[in-house]
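Coordinates in review
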Amino acid sequence: MKIFFNLIPFFLLPLFSVGQQGDPYLRDLHKSLSDATSDTSRMDVFSNLGTYYYFSFDDRDSSNLYLEKALSIAVRLNLKFDEANILIKKGVILMQQENFSKSLEFYLKALHLAKDPAIEKTIRHLSQDQTPMHARMLLLSQTYDLIGLLNAYTGNWTVNTKNQLKNYREAERYAKAAGDRGQLAYVNFHMGIAYMNEGKLDSAVMLMKLALSTFSDLNDQSGSGRTMKFLGDTYEKMGNFDLAASTLLKSIAYLKETNDHLHLGLGYISLSRVYTDQKKSDSALYFAKESLKIFEKLKYPAWKRDAYNLLTSCYDQLGRSDSAIMYLKLAKSLTDSLSIEDRKNLLAFQDVFVEEQVKSEKLEKEKIQTKNRIRTYSMIAGLVILSLIGLILYRNNKKERKAKIVLEKTFNKLKSTQSQLIQSEKMASLGELTAGIAHEIQNPLNFVNNFSEVNKELLTEMDEAIKKGDFDEVRSLAKDIIDNQEKINHHGKRADSIVKSMLQHSRTSSGKKELTDINALCDEYLRLAYHGLRAKDKSFNAKFELQADPDLPRINVVPQDIGRVILNLINNAFYAVSERQKSGVLKFEPTVVVSTRNMGHGIQIRVRDNGYGIPEAITDKIFQPFFTTKPTGQGTGLGLSMSYEIITRTHMGELKVESKEGEGTEFIINLPDTISI
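The notes below deal with the structure included here.

**Re the overall build of the chain**
Regarding its fold elements, the chain presents 20 helices and 7 strands. For the chain, buried positions account for 44% of its 677 residues. Partitioning the intrachain contacts of the chain with sequence separation of at least 6 by distance along the chain shows that 66% fall at a separation of at least 24. Entry remark: accessible area of the chain is about 37,400 Å², with carbon and sulfur atoms responsible for 53%.

**Points about the pattern of salt bridges**
Pairs can form between side chains of opposite charge once their charged atoms are near each other. On inspection of all chains with the given rule, the structure shows 28 salt bridges. E170 is paired through a salt bridge with R173; the nearest N and O atoms lie 2.9 Å apart. Here R173 and E170 lie together in helix α7 (residues 157-178), a separation of 3 residues that amounts to about one turn. The class for E170 is partly exposed, based on a relative accessible area of 24%. K582 is paired through a salt bridge with E579; the nearest N and O atoms lie 3.8 Å apart.

**Looking at the environment of H190**
Inspection of the secondary structure assignment puts H190 in helix α8 (residues 181-198). Take H190: its relative accessible area is 1%, and that puts it in the buried class. Considered as a pair, H190 and A211 are 21 residues apart in the sequence and their alpha carbons are 9.3 Å apart.

**Quick look at the nonpolar core**
Formed by 105 residues in total, the largest nonpolar core has its most connected members in L49, Y168 and F295. In terms of residues, this core owes the most to one element, helix α6 (residues 132-153), which gives 12 residues. Counting 37 residues, the second largest nonpolar core, distinct from the first, contains Y525, F540, I562 and V657.

**Considerations on the packing of helix α3 (residues 60-76) against helix α4 (residues 80-96)**
To characterise two packed helices, one gives the angle between the axes of the helices and the distance between these axes. At their nearest, the axes of α3 and α4 sit 9 Å apart, and the two run at 160 degrees to each other. Accordingly, the angle class assigned to the pair α3 and α4 is roughly antiparallel. Where α3 crosses over α4, the handedness of that crossing is left-handed. In this structure, α3 contributes S63, N64, L67, E68, A70, L71, A74 and V75 to the contact, and α4 contributes D82, E83, I86, L87, K89, K90 and I93. Grouping the constituent residues of the contact of α3 with α4 by class yields 8 nonpolar, 2 polar and 5 charged.

**With respect to the packing of helix α12 (residues 261-277) against helix α13 (residues 281-298)**
Contact geometry of α12 with α13 gives a least axis separation of 8 Å together with a crossing angle of 155 degrees. The angle between the axes of α12 and α13 places the two elements in the roughly antiparallel class. Remark: the crossing between α12 and α13 carries left-handed chirality. On the side of α12, the interface is formed by H261, L262, L264, G265, L266, Y268, I269, L271, S272, Y275 and T276, while α13 contributes S283, A284, F287, A288, E290, S291, I294, F295 and L298. Grouping the amino acids of the contact of α12 with α13 by side-chain chemistry returns 13 nonpolar, 6 polar and 1 charged.

**What about a negative patch on the surface?**
Where like charges cluster on the molecular surface, the negative patch consists of E453, E457, E461, E464, D470, E473 and D480. Elements represented by at least two residues in the negative patch include exactly α16 (397-468) and α17 (471-506). Among the elements that take part in the negative patch, α16 stands out by supplying 4 residues, more than any other. Positionally, E457 belongs in helix α16. By relative accessible area, E457 is classed as exposed at 52%.

**A look at helix α10 (residues 221-238)**
Its 18 residues give α10 an end-to-end C-alpha distance of 25 Å, which sits within 8% of 26 Å, the value for a rise of 1.5 Å per residue. With 15 of 18 residues buried, α10 is to be regarded as a mostly interior element. By the N-cap criterion, in which a side-chain oxygen at the helix start approaches the backbone nitrogen of a residue two or three places on, α10 is capped by D220, the distance to S222 being 3.2 Å. Count one or two residues on from α10 and you reach G239, which has phi positive near 90 degrees.

**Considering a nonpolar patch on the surface**
Side chains of L383, I385, L386, I389 and L393 sit close together on the surface and give an oily, nonpolar patch of about 490 Å² of accessible area. Take L383: it is sitting in helix α15 (residues 321-395). When its relative accessible area of 55% is taken as the criterion, L383 is described as exposed.

**Things to note about the environment of E658**
Relative to the assigned elements, E658 resides in strand β6 (residues 654-660). E658 gets classed as partly exposed once you look at its relative accessible area, which sits at 41%. Along the primary structure E658 and I614 are separated by 44 residues, whereas in three dimensions their C-alpha atoms are 8.8 Å apart. If sequence neighbours within four positions are ignored, E658 has contacts with R606, G664, T665, E666 and I668.

What counts, and at which threshold
Residues numbered from 1 in each chain as written. Predicted model: local features only at pLDDT ≥ 70, side-chain atom pairs only at ≥ 80, totals over all residues. Heavy atoms only, no water. Helix = DSSP H or I, 4+ residues; strand = E, 2+ residues; numbered from the N terminus. Buried < 20%, exposed > 50% of the residue type's maximum accessible area, 1.4 Å probe, protein only. Contact = heavy atoms within 4.5 Å. Areas by Shrake-Rupley, 256 points an atom, 1.4 Å probe, with all protein chains shown as cover. Salt bridge = Lys/Arg side-chain N within 4 Å of Asp/Glu carboxyl O. Core = buried A, V, L, I, M, F, W, Y, C linked by side-chain atoms within 4.5 Å. Axes fitted to C-alpha atoms, helices over the stretch in contact; angles between N-to-C directions. Parallel < 35°, antiparallel > 145°, perpendicular 65-115°, else oblique. Left-handed = near helix turned anticlockwise from the far one by under 90°. Nonpolar A, V, L, I, M, F, W, Y, C, P; charged D, E, K, R; others polar. Patch = residues over 30% accessible without salt bridge, like charges linked within 9 Å, V, L, I, M, F, W, Y side chains within 5 Å. Lys, Arg positive; Asp, Glu negative; His and termini not counted. Charge placed at Lys NZ, Arg CZ, Asp CG, Glu CD. Expected span 1.5 Å × (residues − 1). Polar contact = N/O pair within 3.5 Å; in protein donor to acceptor, adjacent residues only side chain to side chain.

Geometry only, nothing functional implied.
And the structure:
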């Protein structure tokens, strides 16, 4: 069975003409040639003339002449992409002429050119939204697809199906890389035919329906018509003659609409064969005659022979033995004339294909051997270098021993100095914190001491009341003691919180940096902070939003530390809007917005609220340890100073604040690109 496929636009040319002298398209091409002022323009016209002469007039000499002229210009100008496309055109024409070995030669040359990424620099025209890389991927897909079809053209399905599918799968891979749905649909269509001829009919139907769906989406009537033709053939092989006939009739309608006379002739043959299976002899005879009319004009003897064989079967069913014998003789004469040439072409193709496979395997072996040689030479060179280094080190060993002693002494001094500097830094830091710690911890300790003294007195009174038997007084005193104990517990926890925060602030983080999604971290802590505040105060409601930059890169940070900073800033923001809401401001909607941005030279995180803002007079103090704007007992004053240290020291970034009193506050974190990946 011969197959003709539309893979590139020049195949869409009409197959019948009104004669070379009266063909308006041909006149336009020759006029374009005379008007061409550049080599590239002439190359394009020569290429179009070459394909048009072949497919419209079967004029092989003119076709070859113009394609050779186009090819010579492409080679001379080093236009590799155009060269590959012209080679493909020549390969397709030779494949149609059943010169398989020469066709394969051109396809392999085109494939070699397309595999080189440098070819992308020679692409002159791109379709909308197509990149040079996509254009190269599409060229590779088309070339592999054609090599698969070349295997199909030999007609030896058992031997060549494996090679077909191997090339089709490569074509499929590159079509996906090119993002070209139309090309992918043609590859699926061709794979379906391969499975049909292998007898895997369910797989064939699935792939053809997949292709048909894409052709329908793309409004590709030519692809739809051709796919339906072979889908009808598959249904016939399944024995579903009614579905085969209806599918083929739809195919014929599309093929007539697109003037695809070749596939229309093949469709007539398929429909005639189905009607023969159904014993509808008159219908079978009619469509067999229609196919013969087309193939007599196209001058393709193989398909003409298929039409003769069909007519033989039709006339035999009708009992018209004279006509049956006549067409049988005509079919046999074509079979005899074709078989010798077919065998020659098939053997030549197989010889070339095997030769190319051997070459490919040989090249692969040579690559491996070259890599092994390089690895061996590198090892030898490395051993020589190591030996020389060892010799030099041995000769200089005595001198180095003396130098080593000096270096060790110097290193020990430096290490001691470093330890002293670190200790000094720690002591200075502790000195800065001492006053703040004393001030902050004094209030809860005073509460604990005072309530403890009161409880002591109450317990003494309770003891006297018990002795008197005044249990009403005992119960009253017990209630006061319990209330005081709760206050002692509360302020004890407060003191504990201050100590823990102080320790956390003074402790150097030993966390390991890792790639972190800052957008995800912000989203997590924004929700966590809001719901945490809601859990404490059910009446609180606020609008919160994450404006995440989708292009934000992942960044190499200590996620626990950065998370602690983000959570602290967000908690402060929610506290600020909550306080303003409680003040009873009319038409006030508490809002907290966290945003991220890719700055090119780093990333930025912003936390903005519409609370009361921070007075300008104290803005410079908010990052100092134990400084807080919250009422006594509601904040340790360590959150922002801890955050500042994490950003500026651990991550070499920047933390700053912008605030306008009465309108709100925004904290800004800048992390440099030295840690972004």
